[in-house]
Amino acid sequence: MSTTNRQNRLDTLKIRETEGTLTQKERTELDAIFAELDAEETVALKPAMEKHQAFIDSLLAEETELETTIAQLQTIVTAQTQLVEDARAYLMQLRAKHAILANKYHAITGEELASGR
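Residues numbered from 1 in each chain as written. Predicted model: local features only at pLDDT ≥ 70, side-chain atom pairs only at ≥ 80, totals over all residues. Heavy atoms only, no water.

*Asks:* Explanation requested: the environment of E17 in the structure shown.
*Replies:* When you line up the elements, E17 lands in helix α1 (residues 3-19). Residue classification places E17 among the partly exposed residues on the basis of a relative accessible area of 35%. Residues E17 and R27, 10 residues apart in the sequence, show an inter-C-alpha distance of 8.1 Å. (Helix = DSSP H or I, 4+ residues; strand = E, 2+ residues; numbered from the N terminus. Buried < 20%, exposed > 50% of the residue type's maximum accessible area, 1.4 Å probe, protein only.)

So this is what it looks like as structure tokens:
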């Protein structure tokens, strides 16, 4: 059946369906026409659906790469934070040792120890 003939037949069957005068044979024919249209639509949309799926797949791959990068950067941030904490603790130790030496120097000489800054 040509596309024009099929469309005309579809229109006729839909009108009969709306009127409530559709026979069982016509119902079967209407369902078959809809099935043909659905199959044609599926074939026509297949390239677009494949392209869309490829795009989704590429986004998912990019998301995975970004998550890996984020995890790696978080490891660096954590290590850097620990390094800063270690440096602060060491600085506090150095200041405490300097204070002890300054007190000893003052006790021996009566003078203030010059700051190393």
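Picking up where we left off.
*Asks:* Is there a simple way to think about the pattern of salt bridges in this case?
*Replies:* Between side chains of opposite charge, pairing is possible as soon as their charged atoms come close. All chains considered together, the criterion is met by seven salt bridges. Here E36 makes a salt bridge to R6, at a shortest N to O gap of 3.3 Å. One end of the pair, E36, is in helix α2 (residues 24-109); the other, R6, is in helix α1, with 30 residues separating them in the sequence. On the accessibility criterion, E36 (40% relative accessible area) is partly exposed. Between E17 and R27 there is a salt bridge, with its nearest N and O atoms 2.2 Å apart. You can see E17 sitting in helix α1 and its partner R27 sitting in helix α2, a full 10 residues away along the chain. Through salt bridges that share partners, R6, E36 and E40 make up one connected network. (Salt bridge = Lys/Arg side-chain N within 4 Å of Asp/Glu carboxyl O.)

*Asks:* Looking at this structure, I do not really get α2. What am I missing?
*Replies:* Because the α-helix completes a turn every 3.6 residues, residues three or four places apart line up on one side. Between its first and last C-alpha atoms α2 spans 118 Å; for 86 residues at 1.5 Å apiece the expected length is 128 Å, and the two agree. The largest bend along α2 measures about 45 degrees and falls at K46, with the proline P47 one to four residues further on. Taken together, the buried positions of α2 are E26, L30, I33 and A102. For α2, the secondary structure elements touched by its buried residues are α1. Once α2 ends, the next one or two residues include G110, with phi positive near 75 degrees. (Expected span 1.5 Å × (residues − 1). Bend = angle between axes of the 7 residues up to and from the residue. Contact = heavy atoms within 4.5 Å.)

*Asks:* Explain the side chain of E26 here, please?
*Replies:* Tracing the backbone through its elements, the reader meets E26 in helix α2. Polar side-chain contacts of E26 include one of 2.9 Å to the side chain of R16. (Polar contact = N/O pair within 3.5 Å; in protein donor to acceptor, adjacent residues only side chain to side chain.)

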